[in-house]
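If you want the building blocks of each chain, they are given just below.
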Amino acid sequence: MSQDSYAPPDPLAPGDAPALTETAAKDLVHGICFKTGPPRTLGAELEWLVLDAERPGEILPPDRLTAAHDAARALPLHSRFTIEPGGQLELSSAPASSLSGCVDGLQADLTAVRAALRSRGLVLRGTGRDPRRPLRRLLYSPRYDAMETYFDRTGPAGRAMMRSSASVQVCVDAGYEEPGPLGYGRRWRMAHLLGAVFVAAFANSPAHEGPYAGWRCSRQGIWHDLDARRSLAPPLDAEPRAGWTRHALDTEVMCVRSEGAGPWPVPRGMTFRDWLRAGGATGGRGRRGLRAPTAEDLEYHLTTLFPPVRPRGHLEFRMIDAQPGDDGWLVPVAVVHALFDDPEAAESAYRAAKALADAHGPRPSPRNPLWESAARHGLADPELRAAAAVCFRAAAQALPRLGASRHVQDVVGAFTERFPLRGRCPADDGYLQLTGTGARS
């Protein structure tokens, strides 16, 4: 599995690849979105803010931030090292066959990166949303330029997502083809119901002013407002493969890749299905003057879809805020792994998830009452608190069976006692402190 959120195929010259038909596009998405089999691998992607150790509320000059990135990139890391548009640092693990294999590699890399940054007077900070203003973009490329142009059409949420958000993303295998506790259909449904529990339990982006004032997870508010369709889940009552395929093809194309350093076209109101029908059958130029889409274009399009759970062969959980402290990120990685890959814990989680179905309702995540309550209220919502208590206890019991180290068990146990069992989340610890007086988001 791959955890990279922003890794599209390299652009091809027009004519380098055959045009794609609508039937072939459906077959391609249908075939790659859920790769079934025994759940064996785990991955994680960690995003961090880079701050001045003495003056964390100050915005770093671009040259200092770039020098820090270069120093980290030069290290012999096991994880994939990338930078987000706002300068957030990102480490993505390789697929691991065990929890220890996943977290040990990330821990070693984080230790090395932290030491390199500390020598430059910098630190990593885990929080779901950077409260500093103004928001600035560090990276410029045809992809990011097109992305910003596209999102600017619907408001400021796109820039906030690109420039200020940070998360812990956890990836687990899709599961068995057959029904049962570890079947992909049940795991897909459970992921969207428990996703609200993860939003609430790990909420770490409190806002005290602006459009999300009072929210525990303002980062989720950004995703809620991002786009009419791009950040939504397909309907839960649809068969997973068919539902995701329709959703992907009926979402607008963000941009069309092209050769050279020039800007990429950003069409307005054209879904991928529209593009296929305009030019896919002939391989020529469609009504909008665009070349016909290829399989590589479809693969790229899939990387521009940002639902809370993204099927990329495996399941990618995207709704969890970056976590506070040096070891806070361990908790969501361990808990998601336990609830989805340990059969006994999965049964407990499924029962807890079923109790949330009415609150979820027919509207897709994250635009339904369950997810909105999770973002606004965290575990002050009584239904989410009850589900979180069941799930975190089940995860804690599963971790020894999954070979988790004593350290991971202790970190999860301390988090569980401090937050879910008390109906609290990290955001409830108060203002998002970046300075002595608090920098408000």
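Residues numbered from 1 in each chain as written. Predicted model: local features only at pLDDT ≥ 70, side-chain atom pairs only at ≥ 80, totals over all residues. Heavy atoms only, no water.

A. Focus on helix α4 (residues 142-152). Within the sequence span of α4, burial applies to Arg143, Tyr144, Ala146, Met147, Glu148, Tyr150 and Phe151. If you follow the buried residues of α4, they end up packed against β2 (80-83), α5 (157-164) and α10 (295-303). (Buried < 20%, exposed > 50% of the residue type's maximum accessible area, 1.4 Å probe, protein only. Helix = DSSP H or I, 4+ residues; strand = E, 2+ residues; numbered from the N terminus. Contact = heavy atoms within 4.5 Å.)

B. Geometry of the side chain of aspartate 297. Residue placement: aspartate 297 occurs in helix α10. Side-chain polar atoms of aspartate 297 contact the side chain of arginine 291, separated by 2.6 Å. (Polar contact = N/O pair within 3.5 Å; in protein donor to acceptor, adjacent residues only side chain to side chain.)

C. Broad picture of the confidence of the model for the protein chain. Confidence along the protein chain averages 90 in pLDDT terms, with 91% of residues attaining 70 or more. Scored below 50 in pLDDT, residues 1-15 makes 58 contacts in the model with residues more than four places away or belonging to other chains. Within the model, the stretch residues 431-441 combines pLDDT values under 50 with 31 contacts to residues more than four positions away or in other chains. (pLDDT = per-residue confidence, 0-100.)

D. Layout of the packing of aromatic side chains. Taken as a whole and assessed by the stated rule, the structure comprises 14 aromatic pairs. With a centroid separation of 6.4 Å and an interplanar angle of 40°, the aromatic rings of phenylalanine 198 and phenylalanine 202 are classed as tilted. The pair phenylalanine 198 / phenylalanine 202 is uniform in exposure class, with both members buried. Ring centres 6.1 Å apart and planes at 65° place the aromatic pair phenylalanine 198 and phenylalanine 317 in the edge-to-face group. Here phenylalanine 198 is found in helix α6 (residues 184-201), whereas its partner phenylalanine 317 is found in strand β7 (residues 315-317), with 119 residues between them in sequence. In terms of burial, phenylalanine 198 and phenylalanine 317 fall into one category: buried. One aromatic cluster in this structure is built from Phe198, Phe202, Phe317, Phe340, Phe392, Phe415 and Phe419. Above the face of the tryptophan 48 ring, arginine 114 is positioned so that its terminal group lies 5.1 Å from the ring centre. Positioned over the ring face of tyrosine 350 is arginine 186, at 3.8 Å from the centre of the ring. (Phe/Tyr/Trp six-rings, centres within 6.5 Å; stacked < 30°, edge-to-face > 60°. Lys NZ or Arg CZ within 6 Å of the ring centre and 35° of its normal.)

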